[in-house]
Amino acid sequence: MSALGGPGDRVTPDETPAKSWRVAFAVAIGCGLAGLVLRYLAREHATADAIEYRAWYAFAWDHGIGGLGEAFTNYTPFYSYLLLIAARFDGLGQPLSLVKMISALFEFGCAIVVAQMVWRATKLPLRASLAFCAIWLAPTVLFNGAMWAQADSIWTFFTLLSVALFMRDRNGVLPFAVAVSVKAQGVFLGPFVLGMILRRRIHLAWLAAVPAVYVILAIPVLVAGRSLVSVLEVYLAQAHTYHRLTMNAANLWVFAGGTPYEIGVAAGLVLAAASGLALSIFIAHSRREGPEFVLLAACVSLMLMPYLLPKMHDRYFYAFELASIALAFLNPRYLPFAVIAQVDGVLSYLGFESGIVMGLLPAAFGNTFLVFYLVLDLWRGERGFRVPRLAWLGFTVSTAGLFSYLMIAGAGWDMSPAYLLAAGLATAMTLLLVKESRCASADGLDRSP
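A. Structural context of the packing of helix α14 (residues 261-285) against helix α15 (residues 291-308). Closest axis-to-axis distance for the α14/α15 pair is 9 Å, and the angle between their directions is 170°. What the angle tells us is that α14 and α15 run roughly antiparallel. Listed contacts from α15 to Gly268, Leu271, Ala272, Ser275, Gly276, Leu279 and Ile283 of α14 are Ala297, Val300, Ser301, Leu304, Met305 and Leu308. Its residues assigned to classes, the contact of α14 with α15 shows nine nonpolar, four polar and no charged.

B. Main features of unusual backbone geometry. Phi is positive for Ala149, which is not a glycine, with a value near 60°. Mapped onto the secondary structure, Ala149 falls in the loop between α6 (139-147) and α7 (152-167). In the Ramachandran plot, Asp169 falls in the positive-phi region, its phi being about 60° despite a non-glycine side chain. Position of Asp169 relative to the elements: it lies in the loop between α7 and α8 (173-182). Since its relative accessible area comes to 62%, Asp169 is described here as exposed.

C. Structural view of the pattern of salt bridges. One pass over the structure, following the stated rule, counts six salt bridges. Put simply, Arg39 and Glu107 hold a salt bridge, and the shortest N to O gap is 2.9 Å. Taken as a pair, Arg39 in helix α1 (residues 18-41) and Glu107 in helix α4 (residues 95-122) lie far apart in primary sequence, 68 residues in all. Residue classification places Arg39 among the buried positions, given a relative accessible area of 9%. Here Arg200 makes a salt bridge to Asp169, at a shortest N to O gap of 3.3 Å.

D. Local environment of the confidence of the model for the protein. Overall, the predicted model of the protein reaches an average pLDDT of 91, with 93% of residues at or above 70. Every residue in residues 10-15 scores below 50 in pLDDT, and together they form seven contacts with partners more than four places removed in sequence or on other chains. Under a pLDDT of 50 for its full length, residues 441-449 has, in the predicted model, 16 contacts with residues more than four places off or in other chains.

E. Molecular detail of a nonpolar patch on the surface. On the surface, Trp21, Phe25, Ile29, Leu33 and Leu36 cluster together to form a nonpolar patch covering roughly 510 Å² of accessible area. Looking at the element boundaries, Phe25 is found in helix α1.

F. Representation of the packing of aromatic side chains in the model. This model, assessed by the stated rule, comprises 26 aromatic pairs. Between Phe106 and Phe157, the aromatic rings sit 5.8 Å apart at their centres with planes inclined by 70°, giving edge-to-face as the arrangement. Of this pair, Phe106 sits in helix α4 while Phe157 sits in helix α7, placing them 51 residues apart in sequence. Take Phe106 and Phe157: they sit in the same class, and that class is buried. Ring pairs connect the aromatic residues Tyr53, Trp56, Tyr75 and Tyr79, which therefore count as one cluster. Sitting over the ring of Tyr40, Arg43 keeps its end group 3.9 Å from the ring centre.

G. A look at helix α20 (residues 417-437). With 21 residues, α20 extends 30 Å from end C-alpha to end C-alpha; this agrees with the ideal 30 Å at 1.5 Å per step. Of the surrounding secondary structure, the elements contacted by the buried residues of α20 are α17 (335-353), α18 (360-380) and α19 (389-409).

H. Examining the side chain of Lys100 more closely. As for its placement among the helices and strands, Lys100 is situated in helix α4. Put simply, Lys100 is tucked away with no salt bridge, and the nearest opposite charge, on Glu44, sits 8.9 Å away. A distance of 2.7 Å separates a polar side-chain atom of Lys100 from the backbone oxygen of Ala146. Setting aside chain neighbours within four positions, we find Lys100 in contact with Ala42, Arg43, Glu44, His45, Gly145, Ala146, Met147 and Ala149.

I. Quick peek at the nonpolar core. Within the largest apolar cluster, 142 residues are counted, with the highest numbers of intra-cluster contacts made by Tyr79, Met117, Ile154, Phe158, Phe192 and Leu295. Setting aside anything within four residues of it in sequence, one finds Phe158 in contact with Phe78, Phe106, Pro175, Phe176, Val178, Ala179 and Val182.

J. Structural view of the side chain of Ser181. Relative to the helices and strands, Ser181 is located in helix α8. Apart from the residues lying within four places of it in its own chain, the contact partners of Ser181 are Thr76, Val210, Val213, Tyr214, Leu217 and Tyr235.

K. Representation of α15 in the model. Over its 18 residues, α15 runs 26 Å from end to end, which matches the ideal 26 Å to within 8%, given 1.5 Å per residue. Burial analysis of α15 places 17 of its 18 residues in the buried class, the great majority of the element.

L. The arrangement of the environment of Leu304 in detail. Inspection of the secondary structure puts Leu304 in helix α15. We classify Leu304 as buried; its relative accessible area is 11%. In sequence terms Leu304 and Leu374 are 70 residues apart; their C-alpha atoms lie 9.3 Å from each other. Apart from the residues lying within four places of it in its own chain, the contact partners of Leu304 are Ser275 and Val371.

M. Representation of the packing of helix α9 (residues 190-199) against α14 within the structure. One can describe the packing of α9 onto α14 by two numbers: an axis separation of 7 Å at closest approach and a directional angle of 30°. Crossing angle aside, the handedness with which α9 passes α14 is right-handed. Between α9 and α14, the contacting residues are Pro191, Phe192, Leu194, Gly195, Met196, Leu198 and Arg199 on the first element and Gly276, Leu279, Ser280, Ile283 and Ala284 on the second. Within the contact of α9 with α14, the residues separate by chemical class into eight nonpolar, three polar and one charged.

Cut-offs and rules
- Residues numbered from 1 in each chain as written.
- Predicted model: local features only at pLDDT ≥ 70, side-chain atom pairs only at ≥ 80, totals over all residues.
- Heavy atoms only, no water.
- Axes fitted to C-alpha atoms, helices over the stretch in contact; angles between N-to-C directions.
- Helix = DSSP H or I, 4+ residues; strand = E, 2+ residues; numbered from the N terminus.
- Parallel < 35°, antiparallel > 145°, perpendicular 65-115°, else oblique.
- Contact = heavy atoms within 4.5 Å.
- Nonpolar A, V, L, I, M, F, W, Y, C, P; charged D, E, K, R; others polar.
- Buried < 20%, exposed > 50% of the residue type's maximum accessible area, 1.4 Å probe, protein only.
- Salt bridge = Lys/Arg side-chain N within 4 Å of Asp/Glu carboxyl O.
- pLDDT = per-residue confidence, 0-100.
- Patch = residues over 30% accessible without salt bridge, like charges linked within 9 Å, V, L, I, M, F, W, Y side chains within 5 Å.
- Areas by Shrake-Rupley, 256 points an atom, 1.4 Å probe, with all protein chains shown as cover.
- Phe/Tyr/Trp six-rings, centres within 6.5 Å; stacked < 30°, edge-to-face > 60°.
- Lys NZ or Arg CZ within 6 Å of the ring centre and 35° of its normal.
- Expected span 1.5 Å × (residues − 1).
- Lys, Arg positive; Asp, Glu negative; His and termini not counted.
- Polar contact = N/O pair within 3.5 Å; in protein donor to acceptor, adjacent residues only side chain to side chain.
- Core = buried A, V, L, I, M, F, W, Y, C linked by side-chain atoms within 4.5 Å.
- Left-handed = near helix turned anticlockwise from the far one by under 90°.

Here it is, written out as structure tokens:
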């Protein structure tokens, strides 16, 4: 049986050969070691943000627990606690390496959660093992943590845990509340969570868990002497840090760069709020069931919010990129979505990493296709899938050509004929791949409700 067989493949644990388990463990261990090696090789890679991270770490090392009374990071208190823990291992590595280890631990946690999602839905050990590997070695994951020392794996871990609980017909509000308490980007899952609360008839009082968990997690810094106002203003201060409609995020606002800032912010918030509410209502009233539907709905929420909201950074699609990998291993029809998400993510990351902003436009087109087809799939229900070999070939070749051109052309914008040709081909092949992969299979399989 193929590790990426059809979505209906199921075997019981008793029917799973011992050899499959051994292969699954061997693959997971091999990929785990490879991921550690890659993270070790990138341990000294530093961006402009590294100066800030080193300063935070130094403060945590110098002041210890007593430093909790000061707002020595621009993150919520949870990250300060992690820095204090990391500082206790100061002799084991350089400060930046220890900061990166925080991200790596939660990246590993994300991989475990996704592997559990896939295992519970399919009971296929090798498929679950490959899902773990795909998360642990995903290019955007390595960019985000191993290279940039960013903390998006932390809130994403709790976001995925929330989705995993809902997939098991359990209440996932508390992990969602923790995600929001770690970083404001956790709210991207908000429309999904509200929809599941209404769908499962969970008491709306559970929504109070979001501010309650935020305050509970802040108790140590409040006891240390930090003011409640300072704690509550963290997200407000972050919102006013930059005044651009997109911070290298491949979203709607790439196409509306000339929109006045104030108008764009207001329009984006209204559009995201209306779309999020519509998604919540749809989830609450949909008759579809099962873990795949729940995960698909979560993916739509995690993709739609950063796509519509202004002031988004390149890395804010991180949770969707990981959730789409889980979805692809539940149903291989979504494999192109996960691959395209990684390509679009790397194109966006290059804007900050190397100043290559030309990749934002094709990445924004790619994300637009993903949003359209994800919403369409959620609305219309499941269909069959096939492997469009020519579409995969065209996508691979055109994308490789686009990356090659961008790396050769270097930083900045260059609307040369070569760029337009490379970007146009990559965009067209992305559309073709998504469209072809979701066509009904040859036998006319159609499981729409």
